[in-house]
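# Reading the structure
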Amino acid sequence: KAGVTQTPRYLIKTRGQQVTLSCSPISGHRSVSWYQQTPGQGLQFLFEYFSETQRNKGNFPGRFSGRQFSNSRSEMNVSTLELGDSALYLCASSFGGAGEQFFGPGTRLTVL
Amino acid sequence: KQEVTQIPAALSVPEGENLVLNCSFTDSAIYNLQWFRQDPGKGLTSLLLIQSSQREQTSGRLNASLDKSSGRSTLYIAASQPGDSATYLCAANTNAGKSTFGDGTTLTVKP
C-alpha cells in the first residue's frame with residue numbers, strides 16, 4: 001500500500017509570494033491533517049479535512065488555507081509569504097480522523 | 001486546551017540499555033495517544049497507537065503504556081541500538097484529526 005505523498009519536497013520562495021502544497025493520502029483514507037514544524041514552535045496543527053469539509057482549524061492567520069478534493073487529495077495554500085513561514089510542512093492521513101495517523105515526508109519551504 | 005510535555009528533552013545512553021521516555025498531557029479526554037519517531041529532516045514514522053480504552057501496546061522492542069487518569073504515557077525501548085537514535089514524539093488526539101504534539105525527546109544511542 002502506497003504511503004502518504006507530498007509534493008513538492010522542497011520549495012524556495014520570496015516574501016510576498018504565494019505557494020501551494022499538495023498531499024495525497026493513503027488509499028481509502030478520508031481525513032487529511034496539515035502541520036507546520038519549526039525548530040522554535042515544534043509541530044503545530046494547521047487544519048484537518050474530512051470528506052472535503054474542514055472540521056478543525058488551528059491558530060494560524062487566514063493566509064493559511066486549504067481544501068480537499070473528492071478523491072481525498074488535499075492542498076494547502078499560503079499567501080503573502082513571510083520569512084517566518086519557513087518550515088517543514090507535514091500532512092498526515094487517517095481513515096476516520098481519530099485513528100492512527102500516517103505522515104508524509106513533508107515539504108521544506110524556505111522563504112527568502 | 002490540551003498541552004503535551006515530554007521529558008527528558010534529550011537522552012544519551014550506551015548501546016544495549018533499556019530506557020523510558022515520558023509523555024504527559026493535561027486533558028484526559030483523548031481518543032488515543034500515538035508515538036512517533038522522526039529522523040532529522042524527515043517525516044514522522046508511527047511507532048505505536050494506544051486507544052483510550054487500552055493500557056498498553058507492544059511492537060517488537062517497544063512498549064507503550066497509557067494512564068489516562070494521571071495524564072501520562074511512557075515509551076519503553078528495550079536493548080537500545082544505535083539505529084534507535086532519533087527524536088521521539090508523542091501526540092494526544094482529542095478531536096477528529098487534530099493532534100497535540102509534545103516537543104519530543106532526542107535520543108542518542110552510543111555504540
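Our subject is the structure listed above.
Read on for an overview of the structure. Just so it is clear, the model here is predicted, and its values are computed rather than measured.

This part takes up the side chain of Thr87 of chain B. Residue and element names in this part refer to chain B. Checked against the element boundaries, Thr87 lands in strand β9 (residues 86-95). In this structure the side chain of Thr87 is engaged in a polar contact, spanning 3.1 Å, whose partner is the side chain of Thr106. Here Thr87 is in contact with Phe36, Arg37, Gln38, Gly104, Thr105 and Thr106, once residues within four sequence places are set aside.

Contact with chain B, which involves 20 residues of that partner, is made by 21 residues of chain A. Taken together, both faces of the contact between chain B and chain A bury some 1600 Å²; the carbon and sulfur share is 50%. Counting across the interface, chain B meets chain A through zero salt bridges. Run the count over chain B and chain A and you get five residue pairs in polar contact (both at pLDDT 80 or more).

Next up on the list: the side chain of Thr38 of chain A. Residues and elements named next belong to chain A. If you trace the backbone, Thr38 turns up in strand β4 (residues 31-38). Within the structure, the side chain of Thr38 is placed 3.1 Å from the backbone nitrogen of Gln41, a separation counted as a polar contact. Among residues more than four places away in sequence, those in contact with Thr38 are Ser86 and Ala87.

The next subject is the pattern of salt bridges. Going through the model one piece at a time under the given rule, you end up with seven salt bridges over all chains. Between Arg73 of chain A and Glu75 of chain A there is a salt bridge, with its nearest N and O atoms 3.3 Å apart. Judged by its relative accessible area of 24%, Arg73 of chain A falls in the partly exposed class. Take Glu75 of chain A: its relative accessible area is 16%, and that puts it in the buried class. Across the pair Arg61 of chain B and Asp84 of chain B runs a salt bridge, and its minimum N-O distance is 2.8 Å. You can see Arg61 of chain B sitting in the loop between β6 (56-59) and β7 (62-67) and its partner Asp84 of chain B sitting in the loop between β8 (72-77) and β9, a full 23 residues away along the chain. Linked by salt bridges that have partners in common, Arg63, Glu82 and Asp85 of chain A make up one network.

So, about the sheet that holds strand β3 (residues 19-25) of chain B. Residues and elements named next belong to chain B. Here five strands make up an open sheet; going across it, the order is β1-β3-β8-β7-β6 and the pairing antiparallel. With partners counted over all chains shown, the strands left at the sheet margins are β1 (4-7) and β6, one partner each. Neighbour to neighbour, the strand axes of the sheet diverge by 15 degrees on average, direction disregarded. Across six bridges, β7 lies against β8 in antiparallel orientation. Note that in β8 the partner of Leu62 across the bridge is Ile77.

Reading the values: rules and limits
- Residues numbered from 1 in each chain as written.
- Chains lettered and ligands numbered in written order.
- Predicted model: local features only at pLDDT ≥ 70, side-chain atom pairs only at ≥ 80, totals over all residues.
- Heavy atoms only, no water.
- Helix = DSSP H or I, 4+ residues; strand = E, 2+ residues; numbered from the N terminus.
- Polar contact = N/O pair within 3.5 Å; in protein donor to acceptor, adjacent residues only side chain to side chain.
- Contact = heavy atoms within 4.5 Å.
- Buried area = accessible area lost by both parts, 1.4 Å probe.
- Salt bridge = Lys/Arg side-chain N within 4 Å of Asp/Glu carboxyl O.
- Buried < 20%, exposed > 50% of the residue type's maximum accessible area, 1.4 Å probe, protein only.
- Pairing = 2+ DSSP bridges.
- Axes fitted to C-alpha atoms, helices over the stretch in contact; angles between N-to-C directions.

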